[in-house]
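# Survey of secondary and tertiary structure
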Amino acid sequence: MPLIVIETEILSDIDTCFDMARNIDIHKESLKHTGEIPVSGKTTGLIGLGEWVRWEAQHLGFVQYLTSRITEFERPVFFVDEMISGAFKSYRHEHIFKERDGKTTMTDKFYFESPYGVLGRLANWLFLKNYMRNLLLVRNKTLKQKAELVLK
């Protein structure tokens, strides 16, 4: 199962970063280039433990739907969203937050499994892992910018 790990240092407090990372509206804004919109479940504001959201987006030339649920939640240091249904065989996205000296380190651990056996593993190696990494980097850039603006 491929794993993507990204650390983002944010000049903001842990509570702000934690809430922005689980904010449906910020997520939507950060991935607007994919047309990603929440279509059911929790469609605005802060998502919490047990809540779910169904997203519609254009990825790799196809309109896709993905539903995820918050399965673990420890404010303000950790939450997990996991796929309920969608294009992947499975995914688990861990969001980890640590604050030190007025800065927050946000760590994303994104585990995913593609369908289609050997063909899925080949797609991971050829392009999918990089595609997913880039989506997370774009999302984190927006989150970082917004969180750092709160301090100004």
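Here, residues in each chain are numbered from 1, in the same order as that chain's written sequence. pLDDT decides what is reported in this predicted model: residues at 70 or higher carry local features, side-chain atom pairs at 80 or more are listed and counted, and totals for whole chains, interfaces and linings draw on all residues regardless. Calculation of side-chain values draws on the structure's entire complement of heavy atoms; hydrogens and water are dropped beforehand.

### Some remarks on the environment of Thr 43
Counting through the fold element by element, Thr 43 comes out in the loop between β2 (37-41) and β3 (52-59). Relative accessibility thresholds used throughout: buried, under 20% of the residue-type maximum; exposed, over 50%; partly exposed, between the two (1.4 Å probe, protein chains only). Thr 43 sits in the partly exposed class, given a relative accessible area of 34%. A C-alpha to C-alpha distance of 28 Å links Thr 43 and Leu 11, two positions 32 residues apart in sequence. Contact definition: two residues touch when any of their heavy atoms are within 4.5 Å. Excluding residues that lie within four positions of it along the chain, Thr 43 makes contacts with Ile 24, Asp 25 and Pro 38. Helix and strand definitions here come from DSSP, where helices need a minimum of 4 consecutive H or I residues and strands a minimum of 2 consecutive E residues; each element is numbered from the N-terminal end.

### Description of the packing of aromatic side chains
Think of it this way: a Phe, Tyr or Trp ring, Trp meaning its six-membered ring, pairs with another when their centres are within 6.5 Å, and the plane angle makes it stacked under 30 degrees, edge-to-face over 60, tilted otherwise. All told, the structure shown has nine aromatic pairs when counted by the stated rule. When the ring of Phe 79 is compared with that of Phe 97, the centres are 6.3 Å apart and the planes differ by 15°; the resulting orientation is stacked. Of this pair, Phe 79 sits in strand β5 (residues 78-85) while Phe 97 sits in strand β6 (residues 90-100); the two residues are 18 residues apart in sequence, bridging distant segments of the chain. Looking at Phe 97, the relative accessible area reads 2%, which means it is buried. Taken together, the ring pairs in this structure connect Phe 18, Phe 73, Phe 79 and Phe 97 into an aromatic cluster.

### A few points about the sheet that holds strand β7 (residues 103-113)
The seven strands are arranged β1-β7-β6-β5-β4-β3-β2 in an open sheet whose pairing can be described as antiparallel. Because the sheet does not close on itself, it has two edges, and the strands there are β1 (3-10) and β2. Neighbouring strand axes in the sheet, compared pairwise and without regard to direction, differ in orientation by 25° on average. By definition, two strands form a pair when at least two bridges between them are found by DSSP. Pairing of strand β4 (residues 62-74) with β5 involves seven bridges; the strand directions are antiparallel. Residue pairing in the sheet places Glu 72 in a bridge with Val 80 of β5. Of the strands in this sheet, β1, β4, β5, β6 and β7 are in contact with helix α1 (residues 14-21), which crosses β6 at around 165°. Where helices are involved, their axes are fitted lines through C-alpha atoms of the stretch in contact, as for all axes, and angles between N-to-C directions lie from 0 to 180°.

### Here's the deal with the nonpolar core
In these notes, a set of buried Ala, Val, Leu, Ile, Met, Phe, Trp, Tyr and Cys residues joined through side-chain atoms within 4.5 Å is what counts as a nonpolar core. The biggest cluster of nonpolar side chains holds 17 residues, and the ones touching the most others in it are Ile 10, Ala 21, Phe 79, Phe 97, Met 106 and Leu 143. Counting only elements with at least two residues in this core, the list comes to α1, α2 (24-30), β3 and α3 (117-151). Broken down by element, the residue count for this core peaks at five residues, all from α1. Counting 13 residues, the second-largest nonpolar core is a separate cluster that includes Ile 4, Ile 6, Leu 31 and Phe 110.

### Brief notes about unusual backbone geometry
In this structure, Pro 76 follows Arg 75 across a cis peptide bond, with omega equal to -5°. Inspection of the secondary structure puts Pro 76 in the loop between β4 and β5. With a phi angle near 55°, Asp 101 is a residue other than glycine that sits in the positive phi range. The residue Asp 101 is located in the loop between β6 and β7 in this model. By relative accessible area, which is 72% here, Asp 101 ends up exposed.

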